[in-house]
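Residue-level listing of the chains:
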Amino acid sequence: MNNDYEKMRKQYADEARALWGDTDAFKESERRTAGYTADDWSAMHDSMDAILEGFAKLNERGVAPDHEKPRLQVRKLQQFISDHMYNCTDEILKGLGEMYVADERFKKNIDRHGDGTAAYLSACIKSYCE
């Protein structure tokens, strides 16, 4: 894994600690990921990319955010987060969906899978959580 990625991951971790360090979800994530190796982080990154690529493909095909296929993809994302980081409740998931479009860094990272993927993902999460 390259140094730029590690630097970015540390920056995000420091920022997350400042914003959510007192929450149970953050504490759980810290505990669960403490022993992750660089290979573990790389595998998680690859798995998340595959999930995001799934949203990009659905978006490219024009599948409505409230259709069953995107709902299944949202469940897959939520389960991935719960399995590897913290219990991702619907409330937390909804906040993530909003952050994915509000924070330009997240939007840019998600949209590298296809223009509009972040907005589509956010709409899918919103539909799922309603």
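Residues numbered from 1 in each chain as written. Predicted model: local features only at pLDDT ≥ 70, side-chain atom pairs only at ≥ 80, totals over all residues. Heavy atoms only, no water.

Draft legend 1. A look at the overall build of the protein. Assigned secondary structure in the protein consists of seven helices and zero strands. Ordered by position from the N terminus, the helices and strands of the protein form the series α-α-α-α-α-α-α. Buried positions account for 36% of the 130 residues belonging to the protein. Taking contacts inside the protein between residues at least 6 apart in sequence as the whole, the part at least 24 apart equals 62%. (Helix = DSSP H or I, 4+ residues; strand = E, 2+ residues; numbered from the N terminus. Buried < 20%, exposed > 50% of the residue type's maximum accessible area, 1.4 Å probe, protein only. Contact = heavy atoms within 4.5 Å.)

Draft legend 2. Layout of the pattern of salt bridges. Scanning the model with the defined rule gives four salt bridges in all. One salt bridge connects Arg 112 with Asp 49, and the closest N-O pair in it is separated by 2.7 Å. You can see Arg 112 sitting in the loop between α6 (104–111) and α7 (117–129) and its partner Asp 49 sitting in helix α3 (residues 38–60), a full 63 residues away along the chain. Its salt-bridge partner being Arg 105, residue Asp 103 comes within 2.7 Å of it at the nearest N-O pair. Judged by relative accessible area, which is 16%, Asp 103 ranks as buried. (Salt bridge = Lys/Arg side-chain N within 4 Å of Asp/Glu carboxyl O.)

Draft legend 3. Structural detail: the side chain of Ser 122. By the element assignment, Ser 122 lies in helix α7. Under the relative-accessibility criterion, Ser 122 is labelled buried at 14%. For Ser 122, the contacting residues outside a window of four places in its chain are Gly 97, Glu 98 and Val 101.

Draft legend 4. Region of the structure containing the nonpolar core. Among the nonpolar cores identified, the biggest contains 27 residues, and Phe 55, Leu 77, Ile 81, Tyr 100 and Leu 121 are the most heavily contacted of them. Elements that contribute at least two residues to this core include exactly α3, α4 (68–84), α5 (90–102) and α7. In this structure Tyr 100 touches Leu 77, Ile 81, Phe 106, Lys 107, Ile 110, Ala 118, Leu 121 and Ile 125, once residues within four positions along its chain are discounted. (Core = buried A, V, L, I, M, F, W, Y, C linked by side-chain atoms within 4.5 Å.)

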